[in-house]
Each structure stands twice: as C-alpha cells, then as structure tokens.
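Below, each chain spelled out in residue letters.
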Amino acid sequence: MTNVGRKLGANIRICMQEAGISLDSFARYLGYSMKDVWNVIEGKVIIPPVELEKIANLFEITKNELLNRESDSPIPDLQYRKEFSNPDNLDRILDLMDEYVELRDVL
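Residues numbered from 1 in each chain as written. Predicted model: local features only at pLDDT ≥ 70, side-chain atom pairs only at ≥ 80, totals over all residues. Heavy atoms only, no water.

A. Here's a closer look at the side chain of asparagine 11. Among the structural elements, asparagine 11 can be located in helix H1 (residues 2–19). When residues no more than four places from it in sequence are discounted, the contact partners of asparagine 11 are Leu66, Leu67, Asn68 and Arg69. (Helix = DSSP H or I, 4+ residues; strand = E, 2+ residues; numbered from the N terminus. Contact = heavy atoms within 4.5 Å.)

As structure tokens, this is what we get:
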C-alpha cells in the first residue's frame, strides 16, 4: 500500500508541475493545509475515492490515469527510485525515514 501511495503522490506532483499548479493553489482547491498536501505528495495518507476524483478532475484526467501514470519526466528529487533493484528495500528505507521525521516532529 505504501508503494501505491508514493506512486500516486509522485504522479500528483508531476501533474501539478505539468499544469503549472502551485502547492498553495492545489491546497486551496482541495481545502487542505500545506502539511496535508505534502502528506499526499509523499504518499503518507490514503486518499478517499471522492478526493481522488476531485484531484483527477483538476488535471482533466481519469482516476485510473492518475493512479497508473508513467512519466518520461520524473521529478528530480525522486531520481533515487531508479537506484534500487528491489522496490521493497526502497519502501523499507522510506518508511524508516518517515518514522524518524515524525518522531523528531513530536520531540
């Protein structure tokens, strides 16, 4: 599930860049805080189908296209994804990093 969330978040970010939509505009359109937007982009939250439909409509694509998009222009900060031969290892590392950041935020 985590991998699906991260892929969806990356797809949303790519669509935002291609459409020229800022993080702030995206947040206002959905009624989200900036923290919520980053949680979506980083794949940390499950997006309900109604919200997914709203996001897809913003980009004028279907939910399926948003979920299964394959891009030729990856986001530069996600370039590290290509360095892992086993995607499960990448997910484990990212999960640990997420946990560490959340613990630091609490402290």
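B. Inspection of the nonpolar core at higher detail. Within the largest apolar cluster, 18 residues are counted, with the highest numbers of intra-cluster contacts made by Ile12, Met16, Phe26, Ile47, Ile55, Phe59 and Leu66. Breaking this core down by element, the ones donating at least two residues are H1, helix H2 (23–30), helix H3 (34–41) and helix H4 (49–58). Discounting residues that sit within four places of it in the chain, isoleucine 12 has contacts with Phe26, Val40, Ile47, Ile55, Phe59 and Leu66. (Core = buried A, V, L, I, M, F, W, Y, C linked by side-chain atoms within 4.5 Å. Buried < 20%, exposed > 50% of the residue type's maximum accessible area, 1.4 Å probe, protein only.)

C. Focus on H4. When we look at burial in H4, the residues that qualify are Glu51, Leu52, Ile55 and Ala56. Projected down its long axis, H4 carries its buried residues within an arc of 140°, all on one side. One or two residues past the end of H4 sits glutamate 60, with phi positive at roughly 60°. (Arc of directions from axis to C-beta.)

D. Layout of H2. All of the buried residues in H2 are Leu23, Phe26, Ala27 and Leu30. Projection of H2 onto a plane perpendicular to its axis shows the buried side chains occupying an angular sector of 100°, all on one side. Positive backbone phi, at 75°, marks glycine 31, one or two positions downstream of H2.

E. Structural context of the packing of aromatic side chains. By the definition in use, this model includes one aromatic pair. For the ring pair phenylalanine 26 and phenylalanine 59, a centre distance of 6.3 Å and an interplane angle of 10° mean the geometry is stacked. Separated by 33 residues along the polypeptide, phenylalanine 26 in helix H2 and phenylalanine 59 in the loop between H4 and helix H5 (63–68) bring together distant segments of the chain. For the cation-ring pair, lysine 54 lies above tyrosine 29, with the distance from its terminal atom to the ring centre recorded as 5.6 Å. (Phe/Tyr/Trp six-rings, centres within 6.5 Å; stacked < 30°, edge-to-face > 60°. Lys NZ or Arg CZ within 6 Å of the ring centre and 35° of its normal.)

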